[in-house]
Amino acid sequence: MFTLRLKGLRLEPQRVRRAVDRAKGRVLGRSADLIRDTAQQSMPDREGLAPPGQPPRMESAWLKRSVRSAWDRSSQTSLAGPVRAGGAGAGEERMLMRVLEFGGQYVLGRRARRRRRIRGNRRMVVQVKAKPYMAPALKQENRKLPALWRGSIHGS
């Protein structure tokens, strides 16, 4: 049997808190990056429609480029998902991003009507079945997230 004596051991709450906050920023930011990368890679660069339940096929890369990740220091959260802040057609694109992920009705914009050679200004509503790309990415990367925390907190 042996006895262990610790002399001069001080727990400094501020240093511990700082180390945890630094690790949290790194780990949550990295986890959002992993989810973003998986979502972007899941969308093939092909023409035609993807079957329902599969990630959308993208002839152009606008949806892939719109999937972003970020770490918000003030709320201590990380985010990953499609973003379209503003500009011409931003509202239509945001609606399309939501409809592709969850399914629903989508009103074709002027460009889409022109691309489909639909004449006139009549309103066209299209029913879209869900073609999720973010939820499967989270599900796929979910197993790896605990391993990112392993050994992440260490003092400076």
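The residue numbering used here restarts from 1 in each chain and proceeds along that chain's sequence as written. Totals for whole chains, interfaces and linings use all residues, but because this is a predicted model, local features are given only for residues with pLDDT of at least 70 and pairs of side-chain atoms are given and counted only at 80 or more. Only hydrogens and water are set aside when side-chain values are computed; all heavy atoms of the structure are taken into account.

Visitor: An account of the overall build of the protein chain is needed here, citing residue identities and associated values.
Guide: Helix numbers and strand numbers start at the N terminus; a helix is a DSSP run of H or I with at least 4 residues, a strand a run of E with at least 2. What the protein chain contains, in helices and strands, is six helices and four strands. Going residue by residue from the N terminus, the α and β elements of the protein chain occur as α-α-β-β-α-β-α-β-α-α. As defined in this context, the radius of gyration uses C-alpha atoms, and a globule is described by 2.2 Å times the residue total to the power 0.38. Its C-alpha radius of gyration of 23 Å places the protein chain more than 25% over the 15 Å reference for a compact globule of 156 residues. Principal-axis analysis of the C-alpha atoms gives the protein chain an extent of 85 × 30 × 20 Å. Only protein chains enter the calculation, and the probe is 1.4 Å; a residue is then buried if its accessible area is under 20% of its type maximum, exposed if over 50%, and partly exposed in between. Counting the 156 residues in the protein chain, one finds 29% classified as buried. Throughout, a residue-residue contact means that at least one pair of heavy atoms, one from each residue, lies within 4.5 Å. Of the contacts formed within the protein chain by residues at least 6 apart in sequence, a portion of 59% connects residues at least 24 apart. Mean positive and mean negative side-chain charge positions of the protein chain (36 and 12 charges, respectively) differ by 2 Å. Working convention for charge: Lys and Arg count positive, Asp and Glu count negative, and His plus the chain ends are omitted. Where a charge lies is defined by one atom per residue type, namely NZ (Lys), CZ (Arg), CG (Asp) and CD (Glu).

Visitor: So what's going on with helix α5 (residues 134-141)? Which residues, and what values?
Guide: Every α-helix carries 3.6 residues per turn, so stepping three or four residues along brings you back to the same face. Considered for burial, the residues of α5 that qualify are M134, A137 and E141. Burial along α5 is one-sided: seen end-on, the buried residues are contained in an arc of 60 degrees. Of the surrounding secondary structure, the elements contacted by the buried residues of α5 are α1 (13-42), β1 (67-72), β2 (77-82), α3 (90-102) and α6 (145-149). Throughout, the arc means the angular range of directions from the helix axis out to the C-beta atoms.

Visitor: Could you give an account of the environment of R84, with specific residues and numbers?
Guide: Topologically, R84 is positioned in the loop between β2 and α3. Given the relative accessible area of 22%, R84 is considered partly exposed. In this structure, the C-alpha to C-alpha distance between R84 and R94, residues ten residues apart in sequence, is 6.3 Å.

Visitor: So what's going on with the confidence of the model for the protein chain? Residues and values would help.
Guide: One number per residue, pLDDT, summarises how confident the predictor is, and it ranges from 0 to 100. Within the protein chain, residue pLDDT values average 84, and 91% of them lie at 70 or more. The weakest mean pLDDT in the protein chain belongs to helix α4 (residues 110-115) at 74; the strongest belongs to α5 at 94.

Visitor: With reference to specific residues and values, describe the packing of α1 against α5.
Guide: Here the axes come from fitting lines to C-alpha atoms, over the contacting stretch only for helices, and the angles between their N-to-C directions go from 0 to 180 degrees. Relative orientation of the contacting elements α1 and α5 amounts to 125 degrees, with a least axis distance of 8 Å. One finds that α1 runs oblique with respect to α5. Along this stretch, α1 crosses α5, giving a crossing that reads as right-handed. Mapping the contact onto sequence places L34, I35, T38 and A39 in α1 and M134, A137, L138, Q140 and E141 in α5. Partitioning the contact of α1 with α5 into residue classes produces six nonpolar, two polar and one charged. Angular relationships are summarised with four words: roughly parallel below 35 degrees, roughly antiparallel beyond 145, roughly perpendicular across 65 to 115, and oblique for the angles in between. In a left-handed crossing the near helix is turned counterclockwise from the far helix by less than a right angle, and in a right-handed crossing that turn is clockwise. Each residue is assigned to one of three groups, with Ala, Val, Leu, Ile, Met, Phe, Trp, Tyr, Cys and Pro labelled nonpolar, Asp, Glu, Lys and Arg labelled charged, and all others, Gly among them, labelled polar.

Visitor: Please provide a residue-by-residue account of the nonpolar core, values included.
Guide: L63 and Y133 are the most contacted members of the largest nonpolar core, which totals 19 residues. Residue assignment for this core shows that the elements contributing at least two residues are α1, α2 (62-66), α3 and α5. Take this core: its biggest share by element is four residues, from α3. Beyond its immediate chain neighbours, meaning those up to four positions away, Y133 contacts A39, S42, M43, P55, P56, L63, V67, P82, M97, L100 and E101. To define a nonpolar core, start from buried Ala, Val, Leu, Ile, Met, Phe, Trp, Tyr and Cys residues and group those joined through side-chain atoms within 4.5 Å.

Visitor: Explain the side chain of S69 to me, using residue names and the numbers behind them.
Guide: Looking at the element boundaries, S69 is found in strand β1. Here a polar contact means two N or O atoms within 3.5 Å. Within protein one must be a hydrogen donor candidate and the other an acceptor candidate, and residues neighboring in sequence count only if both atoms are side-chain atoms. Here the side chain of S69 touches D33 through a polar contact of 2.5 Å, side chain to side chain. Of the polar contacts made by the side chain of S69, one reaches the side chain of R36; its length is 3.0 Å. The residues contacting S69, other than those within four sequence positions of it, are A32, D33, R36, L79 and A80.

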